[in-house]
Amino acid sequence: MSMSRSVTWVVLCAGLLTTACTGGSGGGGDVTVSLGTPACENGLIAHRLGLAGGAVHELVWKPYSAGALAQAAATRSEALGVAREASKLAAAQLTRAAELVRNCPAASVMEEPLRTAASRASAADEQLAQGTVNAELLGGLDSAMAGIESQASSLGMAVVERTPTRSELAAVAAAPS
């Protein structure tokens, strides 16, 4: 296929806004143009999942498992505050990740699990604010995060959990709900 004919096919395909055009007969190969397929932001999705996972596993589940959120714990008040901030941060990161995967055909299967986990994280934030510790909710959130991270890994995303910094937690805590 000649150069001018290739350009014509590309312009024609782009003008028609089709998802894929193949053109040309004759002496050369076909020209294929794909339009309308959004780029998946796997790195940003993985970053958000890593931050949410670190918040849940390190600042909610581990303190709960160690007894820091128990009624009799000496540092309960502080542990509740940190767990609440971590839950709020996780909810925000999971919601943002769900928005990103919605536009990514390869990862769109993760949208519902992300929204469910974000809802659980929000519920944990609300309950922790009232001084209530629901083991089933916290365990479900921890388990949901592990499942989401596994699913992301199977889709080729390199999720690395990272415990949020104090300033990251404070920024989310200061944000309106």
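Structure shown above.
Given the structure is predicted, the values throughout are model-derived calculations rather than measurements.

1. A few points about the state of the cysteines
- With the rule as written, the count across this model stands at one disulfide.
- Disulfide pairing is shown between C40 and C104; the S-S distance is 1.9 Å. Around the S-S axis, the bridge from C40 to C104 shows a dihedral of about 100° and counts as right-handed. Separated by 64 residues along the polypeptide, C40 in the loop between strand 2 (31–34) and helix 2 (42–65) and C104 in the loop between helix 3 (76–102) and helix 4 (111–129) bring together distant segments of the chain.
- Under the relative-accessibility criterion, C40 is labelled partly exposed at 32%.
- Since its relative accessible area comes to 1%, C104 is described here as buried.

2. Description of the packing of aromatic side chains
- One pass over the structure, following the stated rule, counts one aromatic pair.
- A centroid spacing of 5.3 Å and a plane angle of 40° characterise the contact between W61 and Y64, whose relative ring orientation is tilted. With W61 and Y64 both in helix 2 and three residues apart, this pair spans about one turn of that helix.

3. Side note on helix 4
- Its 19 residues place the ends of helix 4 27 Å apart at the C-alpha level, agreeing with the 27 Å of an ideal helix rising 1.5 Å per residue.
- In this structure, the buried side of helix 4 is in contact with helix 2, helix 3 and helix 5 (135–154).
- G131 lies just past helix 4 and shows a positive phi near 80°.

4. A word on the environment of G147
- Looking at the secondary structure, you find G147 in helix 5.
- Residue G147 is classed as partly exposed on the basis of its relative accessible area of 38%.
- C-alpha separation for the pair G147 and P113, spaced 34 residues apart in sequence, amounts to 8.7 Å.

5. Quick word on the packing of helix 2 against helix 3
- The N-to-C vectors of helix 2 and helix 3 enclose an angle of 155°; their axes lie 8 Å apart at closest approach. The orientation of helix 2 relative to helix 3 falls into the category roughly antiparallel. You can see that helix 2 and helix 3 cross each other, and the crossing is left-handed. Residues L44, I45, R48, L49, L51, A52, A55, V56, L59 and V60 of helix 2 touch helix 3, and the partners they reach there are V82, A83, A86, S87, L89, A90, Q93, L94, R96, A97, L100 and V101.

6. A word on the packing of helix 3 against helix 4
- Two numbers describe how helix 3 lies on helix 4: the axes approach to 8 Å, and their chain directions differ by 160°. Judged by the angle between their axes, helix 3 and helix 4 are roughly antiparallel. Like other packed secondary-structure pairs, helix 3 and helix 4 cross with a definite hand, here left-handed.
- Residue composition of the contact of helix 3 with helix 4, by class: 15 nonpolar, three polar and seven charged.

7. Let's talk about the nonpolar core
- Counting 43 residues, the largest nonpolar core has L49, L69, L94, M110, L114 and M157 as the members making the most contacts within it.
- Listing elements by their share of this core, those giving two or more residues are helix 2, helix 3, helix 4, helix 5 and helix 6 (166–174).
- For this core, the element with the highest residue contribution is helix 3, accounting for 13 residues.
- In contact with M157, not counting residues within four places along its chain, are N42, I45, A46, A107, M110 and A152.

What counts, and where the lines are drawn
Residues numbered from 1 in each chain as written. Predicted model: local features only at pLDDT ≥ 70, side-chain atom pairs only at ≥ 80, totals over all residues. Heavy atoms only, no water. Disulfide = S-S within 2.5 Å. Helix = DSSP H or I, 4+ residues; strand = E, 2+ residues; numbered from the N terminus. Buried < 20%, exposed > 50% of the residue type's maximum accessible area, 1.4 Å probe, protein only. Phe/Tyr/Trp six-rings, centres within 6.5 Å; stacked < 30°, edge-to-face > 60°. Expected span 1.5 Å × (residues − 1). Contact = heavy atoms within 4.5 Å. Axes fitted to C-alpha atoms, helices over the stretch in contact; angles between N-to-C directions. Parallel < 35°, antiparallel > 145°, perpendicular 65-115°, else oblique. Left-handed = near helix turned anticlockwise from the far one by under 90°. Nonpolar A, V, L, I, M, F, W, Y, C, P; charged D, E, K, R; others polar. Core = buried A, V, L, I, M, F, W, Y, C linked by side-chain atoms within 4.5 Å.

Functional significance is not addressed by these values, which are geometric in nature.
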